[in-house]
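Coordinate analysis (summary)
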Amino acid sequence: MKATKAKVGTAAPKATPAWWWVAGFAAAFFLLLEIYWPAVNGPFVFDDEYLPFFDPGFLEHGLSRLGLLQRPLLMVSYWLNLKQSGLEPFSYHLVNITLHFVNSCLVFFLMKKALEWVSLEPGERRLLAAFSALLFLVHPVHTESVAYIAGRSETLSVAFFLASYLVFLGRREQGLSWGASAAVILLFGAAFLSKEHAVVLPALILWTDLYFRTRDWREAIWRNWRLYAPLALMAAVGGLFVWRVLAAADSAGFRVMPWQHYFYTQWRAIWVYLRLYVLPIGLNADYDFPISRTPFDHMAIVGLMGLVLLLATAIAFRKHLPLALFGLVAFLLLLAPTSSVVPIKDAVAERRLYLPFFGLLLVTCDLLRSWKASKTAKLTVMGVWLALFAYLSYARSAVWGDPQKLWEDTVSKSPHNARAHFHLAMVHYTQERCAESLKHFANAEKAGYREHSLYVDWGLAHLCLNQFEEALAKLRQAAALENTGHVRSQIGMVLARQQKYAEALAELNEAAKLDSNYDMTFAYRGRIFLIQGELEKAEADFRRALALKPDNETARQGLAEIAGRKGLAR
């Protein structure tokens, strides 16, 4: 489609004073802080504690061990947080919020540029661009990407992605120079090294050049050959990288189902994202979304037919709503890396809407542009819309800031979600409400969660209540699933609490054989030797525990007690 030229013959608008821009962006940042303040001091939640910076050696060796398959720029950002403030969550949250603000600013400039493709007065163009940026800023669906530390993969990669696309839009009509092409490529590379979904940027750039062309499509592409030549190579290499990353990333749950099943499921999942954009209620940290194993399972085919009809409608109205068709296709393109044929354990996740949101903003602006209403009516609708969404985001960030609220909310919306019950059980356990945690451990097992970690933590919850036999039963279930040094050391510890020292030592000796690097095995064994009066053996074990973990308090106290006994002996 050929681009629609903006109106000509109008007087040049007066330049907006610089202080207006400063005041506007400052007010937006203050609003964002207010919205997310309930989550700023919130703890790490969900998968946050499985991120690499929790590894004790990450600060010293983490950067040197990074590879291209490990999102190195994302890891660098975590490393800087860790170096600056350790494991205090505040700074991690503040970085996420700042990145979200930067992305909202980039959305403003992108929308301002994109709206030049249709006939609009400069004032209306700025208004719609500002509305888009604020909608991106306050939309409740983004609370997962912003309030969840692991969501930084979205905010960081999208910052580079949008910056790259903005450079392209600013130079595409006259043809990108080598310098501009290099800037686009470097920012694209940074986005890709933050999260692999950025691999779709070349497709978005091509779609832009083809859709808003002012000449033959071959000329439109040739005009920016300095960009397309290296991008074609990078896209091919990036595509291979994505498959390797997905194969290696166990935590995200890749390769958990046939690709066809995932593809059918996404025909329905895309409608969830569209609904959340328009009506962001029922937000859920962990959707229990059923899988469609055939095109007719859970009416998946209806979802596909709906998408086809939606595209057909956009095509039919493309002359009146050119941005709507462009934005809808852009939305589907940007969603494709996570919502097409690459199977991921979680069929639906709200953070996946963070990047494709830009396409839906284009659709929204085109509809608002074509709405025949007074400026006052439009301003009223936009103002109420933004105020309502800001309130909903504030309420949702409060949920993300409190682990108990988060998992109670998730369990209430997904009562058969085993993982949600497990996380709620762990919240109760860590807050020493052990009796309450037992119920949710049982619910997790009933819902199908029968992992090694479930039985370990379930056993420790029984131990918390001095239910030794029940604790041993659960720990032995865990050992039957996966016989690790950790679980055998926990069995030994429980037996020691029952004063069954011979059995406890046998378990701890086996634990040391299975894993000679777990410090608590030696701390527990040292305590038994200390009780039995074998001070030399106890001291050796305590020192071994401290060599593995210098801040092991059990070992420190044990050595202090040994020193006291030896002093009295003298």
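Summary of the structure given here. (Residues numbered from 1 in each chain as written. Predicted model: local features only at pLDDT ≥ 70, side-chain atom pairs only at ≥ 80, totals over all residues. Heavy atoms only, no water.)

Here we come to the pattern of salt bridges. Considering all chains together, one arrives at 19 salt bridges under this definition. Note that Glu539 and Arg543 form a salt bridge whose closest N and O atoms lie 3.0 Å from each other. Within this pair, Glu539 and its partner Arg543 are both found in helix 25 (residues 535-548), separated by 4 residues, close to a single helical turn. What makes Arg543 partly exposed here is its relative accessible area of 48%. (Salt bridge = Lys/Arg side-chain N within 4 Å of Asp/Glu carboxyl O. Helix = DSSP H or I, 4+ residues; strand = E, 2+ residues; numbered from the N terminus. Buried < 20%, exposed > 50% of the residue type's maximum accessible area, 1.4 Å probe, protein only.)

Attention now moves to the environment of Val427. With respect to the helices, strands and loops of the structure, Val427 is situated in helix 18 (residues 418-430). Setting aside chain neighbours within four positions, we find Val427 in contact with Pro403, Gln404, Trp407 and Arg433. (Contact = heavy atoms within 4.5 Å.)

This part covers the layout of surface pockets. Volume-wise, the second largest pocket comes out at about 690 Å³. His486, Asp515, Tyr518, Asp519 and Lys549 are, among the 17 residues lining the second largest pocket, the residues nearest its centre. Elements represented by at least two residues in the lining of the second largest pocket include exactly helix 20 (452-464) and helix 24 (519-531). Among the elements that make up the lining of the second largest pocket, the one with the highest residue count is helix 20 (4 residues). Split into classes, the residues belonging to the lining of the second largest pocket amount to 9 nonpolar, 3 polar and 5 charged. (1 Å grid on protein atoms, 1.4 Å probe; cavity = no way out; pocket = protein on both sides within 12 Å on 5 of 7 lines; lining within 4 Å. Points joined across faces, edges and corners; volume = space filled by probe spheres on them. Nonpolar A, V, L, I, M, F, W, Y, C, P; charged D, E, K, R; others polar.)

With that settled, consider the state of the cysteines. Under the defined criterion, the tally for this structure stands at 1 disulfide. The disulfide that involves Cys434 links it to Cys464, with 1.9 Å between the sulfurs. One disulfide, between Cys434 and Cys464, carries an S-S torsion of 80° and so falls in the right-handed class. Here the residue Cys434 occupies a position in helix 19 (residues 434-446), and Cys464 occupies one in helix 20, the gap between them amounting to 30 residues. On the basis of relative accessibility, which here comes to 3%, the residue Cys434 falls in the buried class. In this model Cys105 remains outside any disulfide bridge; the closest cysteine sulfur is found in Cys365, 16 Å from its own. (Disulfide = S-S within 2.5 Å.)

We now examine empty space enclosed by the protein. Tallied over the entire structure, the rule returns 3 cavities of 30 Å³ or more. Taken as a whole, the largest cavity spans an internal volume of roughly 60 Å³. Lining the largest cavity, in full, are Phe46, Glu144, Asn284, Ala285, Asp286, Tyr287, Asp346, Val348, Ala349, Glu350, Arg351 and Arg419. Residue composition of the lining of the largest cavity, grouped by class: 5 nonpolar, 1 polar and 6 charged. Approximately 50 Å³ is the volume found for the second largest cavity. A per-class count over the lining of the second largest cavity returns 4 nonpolar, 2 polar and 4 charged.

A cluster of nonpolar side chains, Leu63, Leu73, Val76 and Leu80, forms an exposed patch at the surface whose accessible area comes to about 280 Å². Note on placement: Val76 falls in helix 3 (residues 72-85). (Patch = residues over 30% accessible without salt bridge, like charges linked within 9 Å, V, L, I, M, F, W, Y side chains within 5 Å. Areas by Shrake-Rupley, 256 points an atom, 1.4 Å probe, with all protein chains shown as cover.)

On to helix 14 (residues 322-335). With 14 residues, helix 14 extends 20 Å from end C-alpha to end C-alpha; this agrees with the ideal 20 Å at 1.5 Å per step. Where helix 14 is concerned, the buried positions are Pro322, Leu323, Ala324, Leu325, Phe326, Gly327, Leu328, Ala330, Phe331, Leu334 and Leu335. (Expected span 1.5 Å × (residues − 1).)

Now for the nonpolar core. Core analysis: the biggest nonpolar cluster contains 126 residues, and Phe53, Phe161, Tyr165, Ile205 and Phe331 have the highest contact counts within it. Broken down by element, this core gets its largest block of residues, 11 residues, from helix 4 (residues 89-114). Contact partners of Phe161, with chain neighbours within four places excluded, come to Ala191, Ala198, Val200, Leu201, Leu204, Leu334 and Leu355. By size, the runner-up hydrophobic cluster in this structure holds 46 residues, among which are Met426, Ala444, Leu460 and Phe542. (Core = buried A, V, L, I, M, F, W, Y, C linked by side-chain atoms within 4.5 Å.)

Any pair of aromatic rings gets described here by the distance separating the centres and the angle formed by the planes. Enumeration according to the criterion identifies 38 aromatic pairs in this entry. On the basis of an interplanar angle of 25° and a centroid distance of 6.1 Å, the ring pair of Tyr165 and Phe168 is categorised as stacked. You can see Tyr165 and its partner Phe168 sitting in helix 7 (residues 152-171), 3 residues apart, about one turn around the helix. The same class applies to Tyr165 and to Phe168, which are both buried. Here Trp207 and Tyr211 contribute two aromatic rings whose centre-to-centre distance is 5.0 Å and whose plane-to-plane angle is 45°, an arrangement assigned as tilted. Residue Trp207 and its partner Tyr211 are located together in helix 9 (residues 201-211), separated by 4 residues, close to a single helical turn. These aromatic residues form a ring-pair network of at least three members: Phe44, Phe53, Phe54, Tyr78 and Tyr92. Note that Lys474 overlies the ring of Trp458, its terminal NZ or CZ placed 3.8 Å from the centroid. (Phe/Tyr/Trp six-rings, centres within 6.5 Å; stacked < 30°, edge-to-face > 60°. Lys NZ or Arg CZ within 6 Å of the ring centre and 35° of its normal.)

By themselves, these are just geometric observations and shouldn't be taken as functional.
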